[in-house]
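The residues making up each chain are set out below.
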Amino acid sequence: MRFTGLVALLLLLAAAVACDASVGNIVVGTAPNCPNGVAPGDVELYVGEEFQLCGDVYLKGELLMAGTVNGSAEGVMDAREPIVNGRFSLRGMAREKEHKYHYISIALEQPCGKVFEPVPLEIRDSCIMMPPSTIEAVPDVVVPGQDFTLQVKNAPRDLRMELSGLSTPVTALISGGGKWSQSFASEQCSAMGSCIIHFDFTSTEHALCTASADVVVTVKAPAATPPAGDDDDQTLLFVTLALLIVGTGGAVIFNRYL
């Protein structure tokens with residue numbers, strides 16, 4: 001019995017040695033085969049998000065065209081996928097609700113068995129994101145019937161923007177580094193007075209990454225203008241005064257020399 005157990009152990013060791021396999025080009029992305037994948041240490045992942053762990057498999061230094069690989073880590077991954085043209089793509093999801101490092105074990109199952117070094121992956125539970133650097137209304141003081149323009153510039157990443165505080169809500173998408181602007185009639189803000197326009201920004205890739213900002217627009221009454229007849233009345237007054245002065249002076253001179 002001991003001899004049989006020893007033989008089995010030697011066979012396992014021989015199989016492990018014979019499986020001269022390795023992995024490379026390990027990246028993490030959001031789509032199968034990770035077309036836009038990044039190194040595990042550079043990835044931005046948050047609780048509740050899905051991801052793909054991808055890489056190449058080599059057998060005796062050559063790409064392994066077909067086989068099976070699995071990946072496992074508690075609370076993150078339990079997947080088994082085929083190797084296609086030397087590459088694998090394992091689906092995972094951050095199910096835990098806390099900030100934590102996970103170590104994903106990758107193992108080759110077919111055509112031979114080998115466990116590779118685990119891949120560390122950070123899952124975050126919060127995100128700090130700044131709003132775009134420029135958020136303004138031009139002008140921010142208008143009179144009834146006048147338009148104003150809302151401007152957003154230098155988005156920190158791809159964003160979904162939602163505006164409230166106007167008579168009609170506004171939703172728009174802004175690409176990273178991009179800008180957005182739209183004009184509105186004063187009536188969409190207020191008939192008279194001030195309105196607070198609230199901006200909510202959410203990353204299109206990470207729902208936990210949000211930011212907000214407010215802009216105040218004031219609608220004020222137009223400046224009062226004098227009635228149309230005032231100028232004529234003032235002109236008539238000046239003429240009358242001039243005639244009185246001239247007339248009085250003439251009478252004085254007339255009486256003095258006569």
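Refer to the structure printed above.
Residues numbered from 1 in each chain as written. Predicted model: local features only at pLDDT ≥ 70, side-chain atom pairs only at ≥ 80, totals over all residues. Heavy atoms only, no water.

A. Focus on the overall build of the protein chain. The helix and strand tally for the protein chain stands at two helices and 17 strands. Put simply, the protein chain has 258 residues, and 33% of those count as buried. Long-range pairs, those at least 24 residues apart, make up 59% of the contacts in the protein chain with a sequence separation of at least 6. By element, 58% of the accessible surface of the protein chain is carried by carbon and sulfur atoms, the whole surface being about 15700 Å². (Helix = DSSP H or I, 4+ residues; strand = E, 2+ residues; numbered from the N terminus. Buried < 20%, exposed > 50% of the residue type's maximum accessible area, 1.4 Å probe, protein only. Contact = heavy atoms within 4.5 Å. Areas by Shrake-Rupley, 256 points an atom, 1.4 Å probe, with all protein chains shown as cover.)

B. Up close: the sheet that holds strand 11 (residues 141-142). Pairing is mixed across the open sheet formed by five strands, whose spatial order is 11-17-16-13-14. Only two strands of the sheet have a single partner each, and these edge strands are strand 11 and strand 14 (170-174). (Pairing = 2+ DSSP bridges.)

C. Seen up close, the nonpolar core. If you look at the biggest cluster of nonpolar residues, it comprises 30 residues, and the most contacted ones within it are Phe 148, Leu 150, Met 161, Trp 180, Ile 197, Phe 199 and Val 217. For this core, the elements supplying multiple residues, two or more each, are strand 10 (134-138), strand 12 (147-153), strand 13 (159-164), strand 14, strand 15 (179-185), strand 16 (193-203) and strand 17 (210-219). Here the element with the most residues in this core is strand 17; it accounts for five residues. Setting aside residues up to four positions removed in sequence, Ile 197 forms contacts with Phe 148, Leu 150, Leu 163, Ser 164, Leu 166, Ala 213, Asp 214, Val 215 and Val 217. (Core = buried A, V, L, I, M, F, W, Y, C linked by side-chain atoms within 4.5 Å.)

D. Broad picture of the layout of surface pockets. Empty space within the largest pocket amounts to approximately 350 Å³. Gly 29, Thr 30, Asn 36, Glu 205 and His 206 are the residues nearest the centre of the largest pocket, which is lined by 17 residues in total. Sorting the residues of the lining of the largest pocket by element identifies strand 1 (21-29) and strand 2 (50-59) as the ones contributing at least two each. Of the residues assigned to the lining of the largest pocket, the class counts are eight nonpolar, four polar and five charged. (1 Å grid on protein atoms, 1.4 Å probe; cavity = no way out; pocket = protein on both sides within 12 Å on 5 of 7 lines; lining within 4 Å. Points joined across faces, edges and corners; volume = space filled by probe spheres on them. Nonpolar A, V, L, I, M, F, W, Y, C, P; charged D, E, K, R; others polar.)

E. Layout of the pattern of salt bridges. A complete count under the given rule lists six salt bridges for this structure. Between Arg 80 and Glu 109 there is a salt bridge, with the nearest N and O atoms lying 2.8 Å from each other. In this pair, Arg 80 is assigned in strand 5 (residues 77-84) and Glu 109 in strand 7 (residues 100-110), connecting sequence segments 29 residues apart. Arg 160 is paired through a salt bridge with Glu 162; the nearest N and O atoms lie 3.2 Å apart. (Salt bridge = Lys/Arg side-chain N within 4 Å of Asp/Glu carboxyl O.)

F. The packing of aromatic side chains, seen in detail. Evaluation of the coordinates by the stated rule reveals two aromatic pairs. A centroid spacing of 6.2 Å and a plane angle of 15° characterise the contact between Phe 199 and Phe 201, whose relative ring orientation is stacked. (Phe/Tyr/Trp six-rings, centres within 6.5 Å; stacked < 30°, edge-to-face > 60°.)

G. Quick peek at the sheet that holds strand 10. Strand order in the open sheet made by the three strands is 10-12-15, with antiparallel pairing throughout. With partners counted over all chains shown, the strands left at the sheet margins are strand 10 and strand 15, one partner each. Adjacent strand axes in the sheet meet at a mean angle of 10° when their direction is disregarded. Here seven bridges tie strand 12 to strand 15, and the two strands are oriented antiparallel to one another. Bridged to Asp 147 within strand 15 is Ala 185. (Axes fitted to C-alpha atoms, helices over the stretch in contact; angles between N-to-C directions.)

H. Geometry of unusual backbone geometry. Of note, the bond from Gln 110 into Pro 111 is cis; its omega dihedral lies within 30 degrees of zero at 10°. Secondary-structure assignment places Pro 111 in the loop between strand 7 and strand 8 (114-115). Positive phi, close to 50°, is recorded for Cys 34, a residue that is not glycine. By the element assignment, Cys 34 lies in the loop between strand 1 and strand 2.

I. Representation of the environment of Thr 168 in the model. Summarising the element assignment, Thr 168 is placed in the loop between strand 13 and strand 14. In this structure Thr 168 comes out as partly exposed when scored by relative accessible area, which is 45%. Separated by 21 residues in the primary sequence, Thr 168 and Cys 189 place their C-alpha atoms 9.3 Å from one another.

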